[in-house]
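# Structure assessment
As a plain string of letters, each chain reads:
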Amino acid sequence: MSVLHPSTQFDAIVVGAGFAGLYMLHRLRTMGFRALVLEAGEGVGGTWYWNRYPGARCDVESMEYSYQFDAALQQEWNWSERYATQPEILRYAEHVAERFDLKRDIRFETRVTAARFYEDTARWMIEAEDGRRFDAGFLVMATGCLSTSNTPAFPGGDAFSGERYLTGRWPHHPVSFKGKRVGIIGTGSSAIQAIPLIAAEATQLTVFQRTPNYSVPAHNAPLDPEAARAIKADYATLRRRARQNRAGIDFTINPKKALEVTSEERQRVYEERWAMGGFHFYGCFSDLPLDLAANETAQDFIRSKIRAVVRDPKTAATLSPANVFGCKRLCVDSGYWETFNRPNVTLVDVASEPIEALTQAGVRVGGREHALDAIVFATGFDAMTGALNRIDISGPGGARLVDTWRDGPRTYLGLGIAGFPNLFTITGPGSPSVLTNMLPSIEQHVEWIADCLVHLRARGLRRIEAEPAAQDAWVAHGAEVADATLRGTCSSWYLGSNIPGKPLVFMPYIGGFPAYVQKCAEVVASGYDGFRLS
Ligand code: N01
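Figured I'd write up the structure that's included with this text. (Residues numbered from 1 in each chain as written. Predicted model: local features only at pLDDT ≥ 70, side-chain atom pairs only at ≥ 80, totals over all residues. Heavy atoms only, no water.)

## Considerations on the overall build of the chain
From N to C terminus, the chain includes 16 helices and 20 strands. Counting only C-alpha atoms and orienting by the principal axes, one finds that the chain spans roughly 70 × 55 × 45 Å. Within the chain, the fraction of its 534 residues that count as buried is 57%. Within the chain, residue pairs in contact and separated by at least 24 positions form 72% of the contacts whose partners lie at least 6 positions apart. When the accessible surface of the chain is split by element, carbon and sulfur atoms take 52% of a total near 21,600 Å². Seen as two clouds, the 56 positive and the 59 negative side-chain charges of the chain have centres 1 Å apart. (Helix = DSSP H or I, 4+ residues; strand = E, 2+ residues; numbered from the N terminus. Buried < 20%, exposed > 50% of the residue type's maximum accessible area, 1.4 Å probe, protein only. Contact = heavy atoms within 4.5 Å. Areas by Shrake-Rupley, 256 points an atom, 1.4 Å probe, with all protein chains shown as cover. Lys, Arg positive; Asp, Glu negative; His and termini not counted. Charge placed at Lys NZ, Arg CZ, Asp CG, Glu CD.)

This is the structure we're talking about:
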């Protein structure tokens, strides 16, 4: 190992300056550790730094999609809308970085490409794209669950001569679609948010849809200052209720089963939840994620809503999903279905006839060329493992993470990985992460990791590693709870099936936030059961 300048030696290095990396740095510093964050971008915010596409906003309400670790921050920050926009969330991340003076310990424009653990020193050597090296006792990957864009290799490749945009890597300069014919590929959450805004600006918008998605209205609105004041007067109660929910979000799940009630009651519940907006719809009935017949009633309801809004019956039918409700991530929209009534919007079904090629003038489907001035790729992400596998991470003896995970990710609690000592993942595969409100999940992981490092330091220990048997048991438990639901029954990024060749493993832990938090607490209480400390 090369001799390093002391300025490159740290107790812990954190990769990523999104919400996970920012809080991890703050927490480590508060606990007296010398920590550094390495970030590929030029600024903080992670997903909210990169995803600047029109209409980007959070699908968790702003009063909940925020940190709770600092009471003053929580009281003093004011959100302007029920669902915050990307620019406002980015301003919040900036504010947090300034408020806690975090930037002095963040190296921007530093893309980590490799990390290697050396057994003799029990330390990590981390390498950046430009060759700089950093040495740390512990390595914390705060690299995000949806941070590596999926860019499908369409035939024709670079042939298209117009403008190209990727939702997950949107330019930082303003983009105007005025007077342009725009095509958008994909109808996931990103596209569903972008389509109404692009349609309002462009001359013509062509939507290339492979799989229709379920979407519920956000009913977004300016945040009522009185309602915000009421929440702030007793924020702890809202946060506590949210922590008791499977998703870590404050919404109730109706304990009744969909087929137990009369059809009138079922319709009433669906209408009520539809009117509430957003993820409240997930909680209509307790058995929707478990029982196909129950689930079909929710599917029917949403399809009826699409038919009621979209005037052209053929377009409405093409937009109507046929898969299990909640199998893919539910989308939350503002005027999505209505957009297909605009005369300048065309829907092209690429399920039966896939995109043949990108041509110089546009996109060819079924022998017909759709002439375009710009293409927006809203084609999603190599989720959960993409960012980790792109870094050449190797453990003692050179075993590489990408090889270890050849058949899919295996972790203990989504926090540690057997064979990779002193490496932590924040909201890694095997933790509730993307099935929850990310902010409380991030805070729980950050605090768990920081407490763990304090525990090791207090005992003069320098090494922690997940035990293979504990990891095997956790992976088996994760698969068992996932198999009990309908969520693995369709192609989705949860399963990795959106990426050709990716092993099919349901990656997030679906057992719910409360059960997971309890398990993490039990592990600590038992002296880090399932981890080997030395
Ligand atoms: O990505 P997606 P996303 N030919 O994977 C299509 C979060 N998020 O960026 O379904 C044609 O959902 C693909 O089709 P199919 C949220 O968790 C949150 O929209 O694979 N089409 C699909 O329609 C979300 O779930 C917010 O058949 C192709 C689309 O591209 C997650 O990020 C906002 C194709 C990709 O949809 C990902 O959302 C935005 C091909 N070769 C995102 N390849 C909030 O509201 C892919 N597609 C917080």
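## Digging into the side chain of arginine 303
The topology assignment puts arginine 303 in helix α9 (residues 292–309). Here the side chain of arginine 303 touches aspartate 300 through a polar contact of 2.8 Å, side chain to side chain. With residues near it in sequence (within four places) discarded, arginine 303 still touches Tyr214, Glu296, Ser320, Pro321 and Ala322. (Polar contact = N/O pair within 3.5 Å; in protein donor to acceptor, adjacent residues only side chain to side chain.)

## Some details on helix α15 (residues 468–483)
The end-to-end C-alpha separation of α15 is 22 Å, in line with the 22 Å expected for 16 residues at 1.5 Å each. Looking at α15, one finds that the buried residues are Ala470, Gln471, Trp474, Gly478 and Ala482. Seen along its axis, α15 keeps its buried residues to an arc of 105°; they face one direction. Looking at α15, the residues exposed on the side facing more than 90 degrees away from the buried face are Ala469, Glu480 and Asp483. Contact partners of the buried residues in α15: α16 (513–525). (Expected span 1.5 Å × (residues − 1). Arc of directions from axis to C-beta.)

## A look at the nonpolar core
Counting residues in hydrophobic clusters, the biggest one holds 129 residues, and the most contacted among them are Phe19, Phe177, Ile184 and Trp448. The element best represented in this core is helix α14 (residues 438–458), accounting for 10 residues. Every residue in contact with phenylalanine 19, bar those within four places of it in the chain, is listed here: Trp48, Tyr65, Tyr67, Ile89, Tyr92, Ala93, Leu439 and Ile442. Ala115, Ile126, Met141 and Leu388 belong to the second-largest nonpolar core, a separate cluster that totals 24 residues. (Core = buried A, V, L, I, M, F, W, Y, C linked by side-chain atoms within 4.5 Å.)

## Quick word on helix α8 (residues 263–276)
Under the 1.5 Å per step criterion, the end-to-end length of α8 is 20 Å for 14 residues, consistent within 8% with the ideal 20 Å. Among the residues of α8, Glu265, Arg266, Val269, Tyr270, Arg273 and Trp274 are the ones counted as buried. Here the buried face of α8 lies against β10 (215–217) and α9. Positive phi appears at glycine 277, one or two residues downstream of α8, with a value of about 90°.

## Section: the layout of surface pockets
Roughly 630 Å³ of volume is contained in the second largest pocket. Looking at side-chain class alone, the lining of the second largest pocket contains 23 nonpolar, eight polar and three charged residues. (1 Å grid on protein atoms, 1.4 Å probe; cavity = no way out; pocket = protein on both sides within 12 Å on 5 of 7 lines; lining within 4 Å. Points joined across faces, edges and corners; volume = space filled by probe spheres on them. Nonpolar A, V, L, I, M, F, W, Y, C, P; charged D, E, K, R; others polar.)

## What about the site of the ligand?
Taken together, 23 residues surround the ligand, and among them Thr187, Ser190, Arg210, Thr211 and Lys328 come closest. Within the contact set of the ligand, an oxygen atom lies 3.2 Å away from a backbone nitrogen or oxygen of arginine 57. Residue glutamine 193 places a side-chain N or O atom 3.0 Å away from an oxygen atom belonging to the ligand. Bound to the protein, the ligand loses 89% of the 910 Å² it would expose on its own. Of the residues forming the shell around the ligand, the biggest block, three residues, is contributed by helix α5 (residues 189–201). (Near = heavy atom within 4 Å.)

## Remarks on the packing of aromatic side chains
Counted according to the given criterion, the structure contains 39 aromatic pairs. Plain terms: the ring middles of phenylalanine 19 and tyrosine 67 are 5.4 Å apart, the flat faces sit at 85° to each other, and that makes the pair edge-to-face. You can see phenylalanine 19 sitting in helix α1 (residues 19–30) and its partner tyrosine 67 sitting in the loop between α2 (47–50) and α3 (71–76), a full 48 residues away along the chain. Summarising the burial analysis for this pair, phenylalanine 19 and tyrosine 67 share the class buried. Taking the centre distance of 6.0 Å and the plane angle of 45° together, the rings of tyrosine 509 and tyrosine 516 count as tilted. Residue tyrosine 509 is classed as buried on the basis of its relative accessible area of 5%. Of the residues examined, tyrosine 516 reaches a relative accessible area of 0% and is grouped as buried. Every member of this aromatic cluster is reached through a ring pair, and the members are Phe19, Tyr23, Trp48, Tyr65, Tyr67, Phe69, Trp77, Trp79, Tyr92 and Phe100. The ring of tyrosine 49 has arginine 52 sitting right over it, with the charged end atom 4.9 Å from the ring centre. The ring centre of phenylalanine 33 lies 4.1 Å from the NZ or CZ of arginine 457, which sits over that ring. (Phe/Tyr/Trp six-rings, centres within 6.5 Å; stacked < 30°, edge-to-face > 60°. Lys NZ or Arg CZ within 6 Å of the ring centre and 35° of its normal.)

## Considerations on the sheet that holds strand β12 (residues 345–349)
The five strands are arranged β7-β16-β8-β9-β12 in an open sheet whose pairing can be described as parallel. In the strand order of this sheet, the two ends are held by β7 (163–166) and β12, each with one partner. When the angles between neighbouring strand axes are averaged without regard to direction, this sheet yields 20°. Judged from the five bridges that link them, strand β9 (residues 204–209) and β12 form a sheet pairing that is parallel. Paired with leucine 205 across the two strands is valine 345, which belongs to β12. α5 rests against β8 (181–185), β9, β12 and β16 (374–377) of the sheet, and its axis sits at about 170° to β8. (Pairing = 2+ DSSP bridges. Axes fitted to C-alpha atoms, helices over the stretch in contact; angles between N-to-C directions.)

## Section: the pattern of salt bridges
Counted by the stated rule, this structure contains 31 salt bridges. Salt-bridge contacts for aspartate 382 lead to lysine 502; the nearest nitrogen and oxygen are separated by 2.6 Å. Residue aspartate 382 is located in the loop between β16 and α12 (386–389), and its partner lysine 502 is located in the loop between α15 and α16; the two are separated by 120 residues in the primary sequence. With a relative accessible area of 11%, aspartate 382 lands in the buried category. (Salt bridge = Lys/Arg side-chain N within 4 Å of Asp/Glu carboxyl O.)

## Here we look at the state of the cysteines
Across all of its chains, the model carries one disulfide by this definition. Across the disulfide, cysteine 327 is cross-linked to cysteine 490 (sulfur-sulfur distance 2.2 Å). Disulfide cysteine 327-cysteine 490: the torsion about the S-S bond is -115°, which places it as left-handed. Placement of the pair is cysteine 327 in the loop between α10 (313–319) and β11 (331–333) and cysteine 490 in the loop between α15 and α16, with a sequence separation of 163 residues. Here cysteine 490 falls in the buried class, since its relative accessible area comes to 10%. In this structure cysteine 58 is not part of a disulfide, and its nearest cysteine sulfur, from cysteine 145, lies 13 Å away. (Disulfide = S-S within 2.5 Å.)

Shape descriptors only; they carry no functional weight alone.
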